[in-house]
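Survey of secondary and tertiary structure
What follows is the residue order along each chain.
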Amino acid sequence: MKTKHELELVDVKAIAAAAEAEALKNNWPVTISIVDDGGHLLLLQRMDGAAAISAHIAPAKARSAAIGRKDTKAFEDMINNGRTAFLSAPFVDGLLEGGVVIVKDGQVLGAVGVSGVKANEDAQVAKAGIAALGL
C-alpha cells in the first residue's frame, strides 16, 4: 500500500499568505484559489479590487491543474497549437495559464489557481505561494 501526501490546513494557509504577499508586492488585485488533489476547494481569497469574475476563474484553473496533473499553461498551449477538440473534455475549464500543480515526491497534492492580472503574472503569484512549502 502506498503512502499518500496531502495538504493540511497549515500548508494551505502558508501558500495563501505567500501568494498574497507576492500579489501585494506587485500591486496585483487577484483571487487566489487552492484545491486538493481531487480539485476540491480548500481556500478562496478574493483580494480588494479583484474583478468579480476572477472568483470563478481562479478555482477553475486550480481544479483543472489538479485533476489534469499539469499546469494549465500546458492545456492553454495545447489548445492554442491547434488541439481545439480538447475544449470538449469533461470536467475541465479555466484552461488558461495561472493554475499550478503542487507536487511532492512525484505526487500531485493539489493546485493553486490565480486570476486577475496577466496570465504569466497569475502563474507567478501561484508559484510564489507554492514556494512557501519548500518542496
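As a reminder, the structure under discussion sits directly above these lines.
Described in the following lines is the structure provided in the data block. All residue numbers refer to positions counted from 1 along the written sequence of the respective chain. Local features in this predicted model are restricted to residues of pLDDT 70 or higher, and side-chain atom pairs are both shown and tallied only at a pLDDT of 80 or more, whereas totals for entire chains, interfaces and linings draw on every residue. Calculated side-chain values reflect all of the structure's heavy atoms, with hydrogen atoms and water omitted.

Thoughts on the sheet that holds strand β2 (residues 41-46)
Either a parallel or an antiparallel arrangement is found when strands of a sheet pair, and the pairing is made through backbone hydrogen bonds. Should DSSP find at least two bridges between two strands, the strands are taken to pair. Runs of H or I in DSSP of at least four residues are treated as helices and runs of E of at least two as strands, each being numbered from the N terminus. Read from one edge of the open sheet, four strands run β2-β1-β4-β3, paired in antiparallel fashion. A strand with exactly one partner marks an edge of an open sheet, and here the two such strands are β2 and β3 (99-104). Here the strands of the sheet are splayed against their neighbours by 15° on average, with no regard to which way each runs. With six bridges joining them, β3 and strand β4 (residues 107-115) adopt antiparallel strand pairing. Its bridge partner being in β4, G99 is matched across the sheet by G113. We call two residues in contact when some of their heavy atoms are within 4.5 Å. Between N-to-C directions, angles span 0 to 180 degrees; the directions come from axes that are lines fitted to C-alpha atoms, helices contributing only their stretch in contact. Each of β1 (31-36), β2, β3 and β4 is contacted by helix α1 (residues 9-25), which is oriented at about 155° to β1, the strand it contacts most.

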